Amino acid sequence: MLTAVIVGAVLGFGGALLVAKSRFVARHKTVLGSVAALLAMGGYFVFQIPQGPSVALLAWTPFGWFIDVVTLGSPIASSPLRVVGGLLTVGCLVVGGGWLVERITAELWFTDPVDPDETPAEPARATAPTADSLAEATHPLSIPAGILSQPTRRVAQLALVRTRRDPHRLLFLFFPLIFLTSFLGPVVRNPELLRLVAPPALALLLPWLAGGLFALNPLGDEGALLPGTLTAIPSGSHYVRGLASPGLLLCLPLALALPAVSGLVSPYSLRQIGALTALSALLTLCAVALAPAIGMRFPRFSAITTRRSRDIVPPSLSAVALYSLSTAGLGAVAAASLLAPATARMLARVVFSLIPGAILSILANQGLSVLSGPAYWFAGVGPHITDLSLSAVRWGGYAVPMALACLLALVGYRNAVTRFNRYTIA
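These remarks concern the structure in this document. (Residues numbered from 1 in each chain as written. Predicted model: local features only at pLDDT ≥ 70, side-chain atom pairs only at ≥ 80, totals over all residues. Heavy atoms only, no water.)

**Side note on the overall build of the chain**
At step 1: Along its length, the chain carries 18 helices and 2 strands.
At step 2: Expressed as a percentage of its 426 residues, the buried residues of the chain come to 36%.
At step 3: Within the chain, contacts between residues separated by at least 24 positions form 77% of all contacts whose residues are at least 6 apart in sequence.
At step 4: In the form shown here, the chain has an accessible surface area of approximately 24,400 Å², with 71% of it arising from carbon and sulfur atoms. (Helix = DSSP H or I, 4+ residues; strand = E, 2+ residues; numbered from the N terminus. Buried < 20%, exposed > 50% of the residue type's maximum accessible area, 1.4 Å probe, protein only. Contact = heavy atoms within 4.5 Å. Areas by Shrake-Rupley, 256 points an atom, 1.4 Å probe, with all protein chains shown as cover.)

See the structure below:
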């Protein structure tokens with residue numbers, strides 16, 4: 001426990017010192033931290049794959065020698081050489097780590113944190129700062145000026161900068177992802193299952209992120225700037241297009257590439273891979289149009305306090321739930337029908353026949369005889385669903401949810417434009 005505390009203190013205070021002294025690290029700490037977390041999780045999952053390296057290899061690392069120290073004098077056989085190595089490792093960590101923690105914390109205490117948005121001073125040849133400071137704040141990402149009008153581009157840049165500087169407001173958005181990670185263990189440990197799940201999972205996840213990252217609480221994100229935004233933006237169409245642009249520009253290329261690439265190593269046919277890629281692209285377009293409408297219909301203006309007493313305004317839970325159901329839910333139905341029509345047909349019978357029929361039958365037996373007719377009708381729907389051909393289930397179950405998603409996106413876009421044009425601050 002002592003060595004774990006010391007190592008954790010070295011890594012934690014060392015990371016804080018690096019953020020405080022390096023302008024590059026401070027500016028990109030969210031991206032760098034995400035990459036480090038992904039690498040750490042990737043290293044963990046490598047040992048979970050049956051074809052991967054054996055966990056027994058960890059026993060030969062200095063950290064593995066701690067077990068020999070703990071089992072010394074017990075009936076469990078331990079290696080004297082590794083016992084000595086473990087004791088030396090503990091001593092080095094306690095003495096050297098303690099000294100290092102003291103130096104790092106002292107340096108951190110007396111160091112003034114750098115401003116990640118401040119441009120370093122240059123020699124006399126330095127030119128005056130550029131007028132478009134908002135575009136500079138999005139660097140190295142950029143919103144193209146040629147294809148977007150200036151008001152639309154400004155809204156897109158503000159949404160991008162806001163998300164980049166305050167990623168904590170996305171914590172509630174990632175609750176569904178945290179829930180889904182509980183199912184990743186068996187998938188990663190089984191390469192065949194991973195090849196089956198990866199293409200449809202990417203085809204659903206990337207569109208869901210495209211709309212959720214930037215546009216799921218637009219009015220709440222404006223904060224005190226909302227009155228100025230309502231008067232400065234010429235129309236609601238500029239505002240909604242600006243909210244949709246970052247997710248579209250950043251996620252659409254990934255939504256096209258990643259499902260297609262992962263599908264090439266999957267057992268799916270080229271037709272299925274092409275349909276899955278089209279599903280991912282179309283769902284991305286629908287998500288970025290639907291997210292502003294749902295976010296403006298269920299806005300959140302009240303802040304919550306997170307760690308370090310930091311106030312953030314996350315999207316409302318109602319907006320997250322409705323957005324996820326409208327995008328990932330419809331996409332999941334389409335993907336399941338495309339890739340596993342027999343399973344989709346069975347689930348359709350359960351959802352549309354067995355469950356409502358059983359519920360109505362129970363209520364009818366409890367004295368509500370008026371429900372016996374609907375119960376009989378739902379029970380009769382089941383055989384008709386079973387008689388559907390797999391081809392009809394595959395392409396019908398693929399096309400109908402996507403058509404519904406497009407309809408929702410079109411209605412949502414128009415609703416968001418109208419809501420912005422008519423919005424008044426009470």
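**Structural notes on the packing of aromatic side chains**
At step 1: Applying the stated criterion across every chain, the model contains 2 aromatic pairs.
At step 2: Plain terms: the ring middles of Tyr239 and Phe420 are 4.4 Å apart, the flat faces sit at 20 degrees to each other, and that makes the pair stacked. Here Tyr239, found in helix H13 (residues 236–264), pairs with Phe420, found in helix H18 (residues 390–422); they are 181 residues apart in sequence, far enough to count as distant. One exposure class covers both Tyr239 and Phe420, and it is buried.
At step 3: Between Trp395 and Tyr398 the ring centres are 6.1 Å apart and the planes differ by 85 degrees, which places this aromatic pair in the edge-to-face class. With Trp395 and Tyr398 both in helix H18 and 3 residues apart, this pair spans about one turn of that helix.
At step 4: Here Tyr398 falls in the buried class, since its relative accessible area comes to 14%.
At step 5: Residue placement shows Arg297 over the ring face of Phe298; its charged tip is 5.0 Å from the ring centre. (Phe/Tyr/Trp six-rings, centres within 6.5 Å; stacked < 30°, edge-to-face > 60°. Lys NZ or Arg CZ within 6 Å of the ring centre and 35° of its normal.)

**Quick look at the pattern of salt bridges**
Close approach of charged atoms lets side chains of opposite charge pair.
At step 1: The full count for this structure, using the stated rule, is 1 salt bridge.
At step 2: Taking the shortest distance from any N to any O, the salt bridge between Arg162 and Glu222 comes out at 3.5 Å. With Arg162 in helix H7 (residues 150–165) and Glu222 in helix H11 (residues 218–222), this residue pair connects regions lying 60 residues apart in the sequence.
At step 3: For Arg162, a relative accessible area of 17% translates into the label buried. (Salt bridge = Lys/Arg side-chain N within 4 Å of Asp/Glu carboxyl O.)

**What to know about the layout of surface pockets**
Over the atoms rolls a probe the size of a water molecule, and its path tells where empty space is left.
At step 1: Considered as a void within the structure, the second largest pocket measures approximately 440 Å³ in volume.
At step 2: Along its surface, the second largest pocket is lined by 18 residues, and Val333, Ser337, Ala344, Ala348 and Phe352 are the ones closest to its centre.
At step 3: Elements represented by at least two residues in the lining of the second largest pocket include exactly helix H15 (317–339), helix H16 (341–365) and H18.
At step 4: It is H16 that provides the largest number of residues to the lining of the second largest pocket, a total of 7 residues. (1 Å grid on protein atoms, 1.4 Å probe; cavity = no way out; pocket = protein on both sides within 12 Å on 5 of 7 lines; lining within 4 Å. Points joined across faces, edges and corners; volume = space filled by probe spheres on them.)

**Focus on the nonpolar core**
At step 1: Within the largest apolar cluster, 32 residues are counted, with the highest numbers of intra-cluster contacts made by Leu173, Leu216, Tyr239, Leu243, Met296 and Tyr323.
At step 2: Those elements giving two or more residues to this core turn out to be H7, helix H10 (191–212), H13, helix H14 (270–297), H15 and H18.
At step 3: Of the residues forming this core, the biggest block, 6 residues, is contributed by H14.
At step 4: Once residues lying within four places of it in the same chain are set aside, the contact partners of Leu216 are Leu173, Gly211, Ala291, Gly295, Pro315, Ala319, Val320 and Tyr323.
At step 5: Residues Ala203, Tyr268, Leu276 and Leu330 belong to the second largest nonpolar core, which totals 19 residues. (Core = buried A, V, L, I, M, F, W, Y, C linked by side-chain atoms within 4.5 Å.)

**Description of the packing of H14 against H15**
At step 1: Two elements in contact, H14 and H15, have axes whose closest approach is 10 Å; the angle formed by their N-to-C orientations is 165 degrees. Looking at the two axes, H14 sits roughly antiparallel to H15. As H14 runs across H15, the sense of the crossing is right-handed. Where H14 approaches H15, its residues Gln272, Ala275, Leu276, Leu279, Leu283, Ala287, Leu290, Ala291 and Ile294 are matched on the opposing element by Ala319, Leu322, Tyr323, Ser326, Thr327, Gly331, Ala334, Ala335, Leu338 and Leu339.
At step 2: The class makeup of the residues in the contact of H14 with H15 is 15 nonpolar, 4 polar and no charged. (Axes fitted to C-alpha atoms, helices over the stretch in contact; angles between N-to-C directions. Parallel < 35°, antiparallel > 145°, perpendicular 65-115°, else oblique. Left-handed = near helix turned anticlockwise from the far one by under 90°. Nonpolar A, V, L, I, M, F, W, Y, C, P; charged D, E, K, R; others polar.)

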